[in-house]
Amino acid sequence: QVQLVESGGGLVQAGGSLRLACAASGLTFSSYAMDWFRQAPGKEREFVAAISWGGRTTYYADSVKGRFTISRDNAKNTVYLQMNSLKPEDTAVYYCAAKMAYSGRYYFTDNMDYWGKGTLVTVSS
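Residues numbered from 1 in each chain as written. Predicted model: local features only at pLDDT ≥ 70, side-chain atom pairs only at ≥ 80, totals over all residues. Heavy atoms only, no water.

## Details of the state of the cysteines
- Counted according to the given criterion, the structure contains one disulfide.
- Across a sulfur-sulfur distance of 2.0 Å, C22 and C96 are joined as a disulfide pair. Judged by the sign of its S-S torsion, about 50 degrees, the cystine formed by C22 and C96 is right-handed. With C22 in strand 3 (residues 18-25) and C96 in strand 9 (residues 92-100), the pair connects residues that are 74 residues apart, well separated along the chain. (Disulfide = S-S within 2.5 Å. Helix = DSSP H or I, 4+ residues; strand = E, 2+ residues; numbered from the N terminus.)

## A few points about the packing of aromatic side chains
- Tallying each qualifying case throughout the model produces eleven aromatic pairs.
- Measuring from centroid to centroid gives 5.6 Å for W53 and Y106, while their planes differ by 65 degrees, and the two rings are edge-to-face. Here Y106 lies in the loop between strand 9 and strand 10 (114-115) and W53 lies in the loop between strand 5 (46-51) and strand 6 (58-60), a separation of 53 residues in the sequence.
- Its relative accessible area of 22% is what places W53 among the partly exposed residues.
- An aromatic cluster is built from F37, F47, W53, Y59, Y102, Y106, Y107, F108 and W115, whose rings are joined through pairwise contacts.
- Its guanidinium or amino end placed over the ring of F29, R72 lies 4.3 Å from that ring's centre, counting from NZ or CZ. (Phe/Tyr/Trp six-rings, centres within 6.5 Å; stacked < 30°, edge-to-face > 60°. Buried < 20%, exposed > 50% of the residue type's maximum accessible area, 1.4 Å probe, protein only. Lys NZ or Arg CZ within 6 Å of the ring centre and 35° of its normal.)

## With respect to the pattern of salt bridges
- Tallied over the full model, the rule gives five salt bridges.
- Between E46 and R38 there is a salt bridge, with its nearest N and O atoms 2.6 Å apart.
- For R38, a relative accessible area of 5% translates into the label buried.
- Of the charged contacts, one joins D62 and K65 as a salt bridge, the two residues approaching to 3.2 Å between their closest N and O atoms. Judged on exposure class, the residue D62 and its partner K65 are both exposed. (Salt bridge = Lys/Arg side-chain N within 4 Å of Asp/Glu carboxyl O.)

## Considerations on the side chain of R67
- When you line up the elements, R67 lands in the loop between strand 6 and strand 7 (68-73).
- Setting aside anything within four residues of it in sequence, one finds R67 in contact with Q82, M83, N84, S85, L86, K87 and D90. (Contact = heavy atoms within 4.5 Å.)

## Let's talk about the sheet that holds strand 3
- Across the sheet, four strands lie side by side as 1-3-8-7; this open sheet has antiparallel pairing. At either end of the open sheet lies a strand with only one pairing partner, and these are strand 1 (3-7) and strand 7. For this sheet, the mean inter-axis angle between neighbouring strands, taken without regard to orientation, is 15 degrees.
- In the sheet, strand 1 pairs with strand 3 via five bridges, with the strands oriented antiparallel. Bridge pairing in strand 3 links L4 to A24. (Pairing = 2+ DSSP bridges. Axes fitted to C-alpha atoms, helices over the stretch in contact; angles between N-to-C directions.)

Written as C-alpha cells, this is what we have:
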C-alpha cells in the first residue's frame with residue numbers, strides 16, 4: 001500500500017520560512033517523480049513544484065519561483081519543499097504527489113498516481 005505522508009506545516013509570520021517533508025512508502029521512490037501542490041481556502045488546487053525521479057530536473061510555478069526549493073533524498077524516500085519569504089497568499093494545505101517515471105508529464109499537471117493527505121501552512125501578515 002502506497003503512503004505519502006506530509007509534515008512540517010504550521011503557523012509562520014510573513015517573511016518567514018518553513019520546510020515541508022513528504023515521506024513515501026510502499027513504492028520504489030527513485031522511480032517516481034514527486035510534486036507539491038497546494039489548495040487555498042475557496043480555491044482550486046494548484047501546482048507548486050516538481051522534481052524528476054533522479055532529482056536533476058525541477059519545475060516551479062511562477063508564484064513561488066525564487067522563494068521555494070524542491071529537493072529529494074532517495075535514500076530516505078523523502079521529498080522536501082523549502083519555503084522562504086513566505087507571504088499570506090501562500091496559506092494553503094500543501095500536498096505531495098507521485099507519478100511513475102516515463103508515464104507522462106509530471107509537471108504543471110495534477111494527473112498524478114498517488115497523493116498525500118496534506119499539511120496546513122498558515123502565513124500571518
